[in-house]
Structures are given as structure tokens and as C-alpha cells.
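Topology and contacts: notes
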Amino acid sequence: MSHKRIPKRKAAIAVGGVVALGAAAILLPSANASQDGAPDDVAAASRTLKAGDASDLATRLAGTLGDAYAGAWYDGEEKRLVVNVVRGEGDMALKVRSAGAEVREVDNSMAELEAGAGTLKSEATIPGTSWAVDPRTNKILVTADSTVTGDKWDQLESTVESLGSGMATLKKSEGTFRTFVSGGDAIFAGGARCSLGFNVTAGDGSPAFLTAGHCAAAGDAWSDQQGGEPIATVDQALFPGDGDFALVRYDDPATEAPSEVNVGGQTVPIVQAAEATVGQQVFRMGSTTGLADGQVLGLDATVNYPEGTVTGLIQTNVCAEPGDSGGSLFTQDGLAIGLTSGGSGDCTVGGETFFQPVTTALEAVGATLGDGGAAAGDGGAGAGDQAGAEEQAGGQEAGAGAGDQAGGQDAGAEQDGAGGHQGVQEQSDMGSSRHSGLTPTH
């Protein structure tokens, strides 16, 4: 059987101007003054950057600054990278400005923040909690879901207070942290439904795809139709632990598995994997809720699911629901960022959603994605035809994990209703199929 690719769930998207990622961003001078009152001739060194280029710059500066580096985040409105430098490190601040980023002096070093996260791990690993460093506040953002009450809440609160003033922020989430088993296209195994994340090439050159690791608990053989013949088999999977990802190989080695995400009649070419940056705008595609967007809130997040603790995740405010697990998190210009893991809330009230970084998943399983890292040439994000919303009904969604139960059942099935897209609308006056793109929904 030669399987071309898994059929896609449709969601309407805008026809706008998307430019494929080039070999390097065009850097333009910024006339705005820096936050710490540097002279105009120094502040003018800050540059406008694409999010992907800002991520690369942040990685380079982290290595250059050493202990003076205290995180970085991307200002999407100004299109600038803001780098935190420990107060009193004037020479290091000058290096940041000369590299084209803005400087913000802060009190908490990265080592202190990481030590605080270590204390949370040893003293407050409670199901329904998560934490991640938030460089915008220079604090650890600690979140507790609705199941964390009574003695558990007291334990968490006292641990946060023990970190000291100005080290952490504690907030309550109305939902329940759970894995979203039930992204791109729907895939099925053992009565569960998940979402395909990204097509990849396995280490031996055979076609495969990435999805969430917790999806593999439903079974080894996966189909593109509920009750259909298997088309792919789980090769490697990790969950819980240091990630939530799985490599699933197509059974037919002749399978054509394009590096793209179908967002409803149109496709976004995926050119390469990239690291996430706090503040970056991202889009998520899932088989339950279709297309949604939001921002990256934190990196290297720890999430305590009922099934166990998962580390190294990306925290976002993008909504998701059961069935979206494994689905793709990507940028407008074709960078693969993450695989949907889990979170709280839904696409009606919102909530937190956590994602497995694609870069670490690829490294762990020995696979490559897109062109393997080279920059893309010119190209659009698919056809400019109207993309209407196509709902799916019927099918079972399996919420691997607790749903709203702290004890953690492995497959709490629920009926698949209409998973509407997130209001991304077509602008028919834009026309050209080579310039179709995504419009934020909020």
C-alpha cells in the first residue's frame, strides 16, 4: 500500500503575505532608546529581527555572556530581542547592544532561577502543577490547576515562599492539566485518537512522522482512519520523563510524506525545525480544534501530569483539547517548533498548553525534518483558494491520562463533536496563491 499522506482536517485561514524564511533576516536600525537609558548612538544598535533569527541570536549571546545571561524574550510588536543581563555587568550589556539586541538589567541570575526550579522539583512535585522561567518578569512562573487544593496547595505555596521575595509568581488555573490524547491530521490506534505532528525522515532514510509520546500508550499500529488498516508503527517513544514524543514509521517505505502542515485546503511548507523564543507568535494545528494561535510564555517547563512528570517543554497560551495531542506547533514562515503535549482549559475559555520541542525530539530519535536546517527559498504557504471549515464528527477521542481525575486513567474516551476552527478567516482580496498566510485569531 502506497500511502501518499494522511488526510487533513480543514480550517479556514487568511490569504495574506507570508514570506518564506530567507538565509538571513534583513536587519534595520531602530531609533528607540534602550530601556536602561543608554545613549542614542548605542541604543541605535538594536535591530528588527524575525523570531527565528532572534532565537539564534539569543542562543549565541547566552554562550557569550556566561553567568551574566539571565534569559531573553522576543518583543513581537517591536520585532526586537530583549536580553536580560545581571545587574552590574556593564561590559556584558555592551556586548548585547553591539550584537543588535536590547538590554534589560535584572536581579535574578539564570543560576538562581534554575536553583529555584530545582527546589520546586524536590519539594513540590505535585500532580497538577507546572513551572517555567519567565524571562519577561525575571521570575519562575508556577501554575497550579484546579486539583491542587488543601494540603497540596499549602505545600506548593510554602515552597514558593521559601524561594524568597521576587523569585517566583504563583497562579491558579481553572482547568486540569491532562494530556490531550484523542494535531494536523487525525491518527488512530486502540480506540484513541491523536494528531500527526510533522513528517520526518528517519535515520535510515525511511519516511516517518513525529507525534506525542503519550499517544504511543494506545497502541503500536496507527491508522489514518478510525478502524482502518494500519499505515505506520511506533518505532520510539518517550513519556513521561525528559520529553513527550514518539517516532512512528510508515509501513510502506515508498510513502510520500511531504514536509508541510495542512491548515484547511492550504498547506504551510515546513522548512526546518527551530527553537522557541518567549514572546514568539506560534500557530497550532490539531485534529479536534483545527487552527489556533498564541504566544510562547516559557521554556524548559516542567509539568506534573497525573501519569508522571515531563520536563523540557514549551509553555504557551495557545488553546488545545483532547485529540490535539501530537499536533504541530509552527510559525507563519514555516518553522517547526513543537508537538502538542497537554495542558488545561479548552478553546472556549482558553488555558495553558505545553509542547514538546521538535528540536530535542529530532535529536533523540535521530530523524531530520524539512531540508535538514538550510534556509528556504521563495515560496508561498499553499493555494490561495477559499478554505472552508470542515468539521469531523463521529470518532472516539481518548484522553490518555486523567482528564479531570487526579488518579490518571489511561484512556478516558469521549465522543468527538465538531471541533471548530479558531476564527481565522479568508481575505479574498489578497488573491495570489504564492502569498497565502496565517492571520492571528487573538
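Residues numbered from 1 in each chain as written. Predicted model: local features only at pLDDT ≥ 70, side-chain atom pairs only at ≥ 80, totals over all residues. Heavy atoms only, no water.

In terms of helices and strands, the chain carries six helices and 25 strands. In the chain, buried positions account for 54% of the 442 residues. (Helix = DSSP H or I, 4+ residues; strand = E, 2+ residues; numbered from the N terminus. Buried < 20%, exposed > 50% of the residue type's maximum accessible area, 1.4 Å probe, protein only.)

It is worth spelling out helix H2 (residues 51-65) at this point. The terminal C-alpha atoms of H2 lie 21 Å apart, and with 15 residues this matches the ideal 21 Å at 1.5 Å per residue to within 8%. Residues of H2 that are buried make contact with strand E1 (69-75), strand E2 (80-86), helix H3 (90-98) and strand E22 (335-343). Looking one or two residues beyond H2, the residue adopting positive phi is Gly66, at roughly 60°. (Expected span 1.5 Å × (residues − 1). Contact = heavy atoms within 4.5 Å.)

Per the stated rule, a full pass over the model turns up four aromatic pairs. Centroid distance Phe177 to Phe354: 5.6 Å. Interplanar angle 90°. Geometry classified as edge-to-face. The exposure class assigned to Phe177 is buried, which follows from its relative accessible area of 1%. (Phe/Tyr/Trp six-rings, centres within 6.5 Å; stacked < 30°, edge-to-face > 60°.)

Judged by pairing direction, the sheet is mixed, and its three strands sit side by side in the order E1-E2-E3 without closing on themselves. The sheet is open, and its two edges are formed by E1 and strand E3 (102-106), each paired on a single side. When strand polarity is set aside, the average angle formed by the axes of neighbouring strands in this sheet is 25°. Pairing of E1 with E2 involves five bridges; the strand directions are antiparallel. From the neighbouring strand, Tyr74 faces E2, where its bridge partner is Leu81. (Pairing = 2+ DSSP bridges. Axes fitted to C-alpha atoms, helices over the stretch in contact; angles between N-to-C directions.)

What follows concerns the side chain of Thr288. Residue placement: Thr288 occurs in the loop between strand E18 (281-286) and strand E19 (290-305). At 2.4 Å, the side chain of Thr288 and the side chain of Arg193 are in polar contact. (Polar contact = N/O pair within 3.5 Å; in protein donor to acceptor, adjacent residues only side chain to side chain.)

This part takes up the state of the cysteines. Scanning the model with the defined rule gives two disulfides in all. Through a disulfide, Cys194 is tied to Cys215; the S-S separation comes to 2.0 Å. The sign of the -100° torsion about the S-S bond sets the Cys194-Cys215 disulfide as left-handed. With Cys194 in strand E9 (residues 192-195) and Cys215 in the loop between strand E11 (207-211) and strand E12 (221-222), this pair connects stretches of sequence that are 21 residues apart. No difference in accessibility class separates Cys194 from Cys215, as the two residues are buried. (Disulfide = S-S within 2.5 Å.)

Turning next to the environment of Thr309. Looking at where Thr309 falls in the secondary structure, it is placed in strand E20 (residues 308-316). Beyond its immediate stretch of four places on either side in the chain, Thr309 contacts Thr125, Pro240, Gly241, Thr302, Val303 and Asn304.

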